[in-house]
Amino acid sequence: MADIDFSAEIADLRHTYESIEAVSDIDQIRAEIAELSEQASAPDLWNDPAIGQQVTSALSRKEHELERLTSLYNRIDDLEVMVELAQEGADADLRAEAMGELESIKKSLGQLETVTLLSGEYDEREAVVTIRAGAGGVDASDFTLMLMRMYLRWAEHNGYPTRVMDTSYAEEAGLKSATFEVNAPYAYGTLSVEAGTHRLVRISPFDNQGRRHTSFAAVEVVPLIESDDSIEIPDTELRVDVFRSSGPGGQHVNTTDSAVRLTHLPTGIVVSMQNEKSQLQNRAAALRVLKSRLLLLRKEQEDAKKKELAGDVKASWGDQMRSYVLNPYQMVKDLRTSHEEGNPEKVFNGEINDFIDAGIRWRAEARHD
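Quick summary incoming for the structure in this document. Just so it is clear, the model here is predicted, and its values are computed rather than measured.

## A word on the side chain of D166
Within the element layout of this structure, D166 appears in strand β2 (residues 162–169). A polar atom in the side chain of D166 sits 3.3 Å from the backbone nitrogen of Q274. Those residues in contact with D166 that lie beyond four places of it in its chain are S177, A178, T179, S272, M273, Q274 and N275.

Here's what the structure looks like:
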């Protein structure tokens, strides 16, 4: 600790911050906040709830962006004062506290630097995440539940609100599928690198012979639909099925047929919702998710067409993107970025920011190749 050159470290922090600030264009953010605040204060804003929601959501995103930038700037200033006080008073405890804050600011700057790479068309959006059990029987269903908890804990650690929209329980244990929203700016751009097939290798707790099993779960991430998105679905393209909501072990949540399943006939996309209180609410939530999936599908088709026209038909990164190995050794490894963590318990407890950051940087590099 005695060898730390705080002056040089703080200078590096300021240099990194300035480069992030330049890319973020903080003056433009302030101008957009002023404009959105003026719109938000208009007395007739909520005459059209869709427009009101659009304006307030955009304002919230920009205020969050500005707050992240300004709070880091202030933390660097405070660190400089802390170091000066520690050196003047030869205070070892304060010096140790400054060292901890230095490392914390470095990490926060790294995460903010990663956010500047989120420049995709829908990256600023909130996200809808769906996890489905794949091959592996009851182990796959259990793995699906583990992944759902992992993402919900990740969101909790980061202060991101979530809303579970649908949970379809497996007969023996775990989940067949789950859908939830992450209601935070850049949730889609951040979590979209988690999409793909996840693989779990472990001694199965459901195998009475104690054998090692491999199971799979698929993660889908789509941007949350907004009121100005031109996604219209004619009634003739929808099949609506109503069924009874169910909980773990097949127990009925209620006695009414309130759960809703929407099938988009042209694409075959199916969305089920059962966590709202009424059939009407479940139908509205399902329709919103269906539109979100169709929005992403349209974007993917447009991108594929552009690549085809440009003569670039390189395959995108493979579906199987991460392995969680609990036996014969302990390791979680991303197969695209090679980022790994030797403590799977930490990962399943939601500590996945490093995996996400590595994925975002990997994707940004791939886009420039």
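## Points about the pairing of strand β5 (residues 212–223)
In the sheet, strand β1 (residues 127–133) pairs with β5 via seven bridges, with the strands oriented antiparallel. What sits directly across from A127, in β5, is P223. As judged from the eight bridges shared by strand β4 (residues 196–203) and β5, these two strands associate in the antiparallel manner. For R202, the partnering residue across the bridge sits in β5 and is H213.

## So, the pattern of salt bridges
Oppositely charged side chains can pair when the atoms bearing their charge come close. If you walk through the whole model with that rule in mind, you get 22 salt bridges. In this structure, the salt-bridge partner of K62 is E32, at a minimum N-O distance of 3.1 Å. Taken as a pair, K62 in helix α3 (residues 49–89) and E32 in helix α2 (residues 26–40) lie far apart in primary sequence, 30 residues in all. For K62, a relative accessible area of 13% corresponds to the buried category. By relative accessible area, E32 is classed as partly exposed at 24%. Here R322 ties to D334 by a salt bridge, and the two come within 3.4 Å at their closest N and O atoms. In this pair, R322 is assigned in strand β9 (residues 320–325) and D334 in strand β10 (residues 331–334), connecting sequence segments twelve residues apart. The burial state of R322 is the same as that of D334; both residues are buried.

## Some remarks on the pairing of β2
With seven bridges joining them, β2 and strand β3 (residues 175–182) adopt antiparallel strand pairing. Bridging from a neighbouring strand, Y169 pairs with L175 of β3. Once β2 ends, the chain turns through five residues before running back antiparallel as β3, passing G174 with a positive phi of about 75°.

## Looking at the packing of aromatic side chains
This structure, assessed with the given rule, holds four aromatic pairs. Centroid distance F143 to Y324: 5.5 Å. Interplanar angle 70°. Geometry classified as edge-to-face. Pair noted here: F143 is in helix α5 (residues 137–157) and Y324 is in strand β9, with a separation of 181 residues, a long-range link. When its relative accessible area of 0% is taken as the criterion, F143 is described as buried. When the centroid spacing of 5.4 Å and the interplanar angle of 70° are considered together, the rings of W154 and Y160 count as edge-to-face. Over the face of the ring belonging to F243 we find R261, whose NZ or CZ atom lies 4.4 Å from the ring centre. Its end group placed over the ring of W362, R336 keeps NZ or CZ at 5.5 Å from the ring centre.

## Some details on the environment of Q320
Looking at the element boundaries, Q320 is found in strand β9. Judged by relative accessible area, Q320 falls into the partly exposed class, the value being 33%. On a C-alpha basis, the gap between Q320 and R336 in space is 8.9 Å, while along the polypeptide they are 16 residues apart. For Q320, the contacting residues outside a window of four places in its chain are T197, R199, F216 and L335.

## Quick notes on the sheet that holds strand β6 (residues 238–243)
As summarised here, the arrangement of the three strands in space is β6-β7-β8, forming an open sheet in which the pairing is antiparallel. Each of the sheet's edge strands pairs with one partner strand only, and the pair in question is β6 and β8 (269–273). Taken over all neighbouring pairs, the strand axes of this sheet differ in orientation by 15° on average, direction set aside. Pairing of strand β7 (residues 259–264) with β8, which is carried by five bridges, proceeds in the antiparallel orientation. Opposite V260, over in β8, you have M273 as the bridge partner.

Criteria and thresholds
Residues numbered from 1 in each chain as written. Predicted model: local features only at pLDDT ≥ 70, side-chain atom pairs only at ≥ 80, totals over all residues. Heavy atoms only, no water. Helix = DSSP H or I, 4+ residues; strand = E, 2+ residues; numbered from the N terminus. Polar contact = N/O pair within 3.5 Å; in protein donor to acceptor, adjacent residues only side chain to side chain. Contact = heavy atoms within 4.5 Å. Pairing = 2+ DSSP bridges. Salt bridge = Lys/Arg side-chain N within 4 Å of Asp/Glu carboxyl O. Buried < 20%, exposed > 50% of the residue type's maximum accessible area, 1.4 Å probe, protein only. Phe/Tyr/Trp six-rings, centres within 6.5 Å; stacked < 30°, edge-to-face > 60°. Lys NZ or Arg CZ within 6 Å of the ring centre and 35° of its normal. Axes fitted to C-alpha atoms, helices over the stretch in contact; angles between N-to-C directions.

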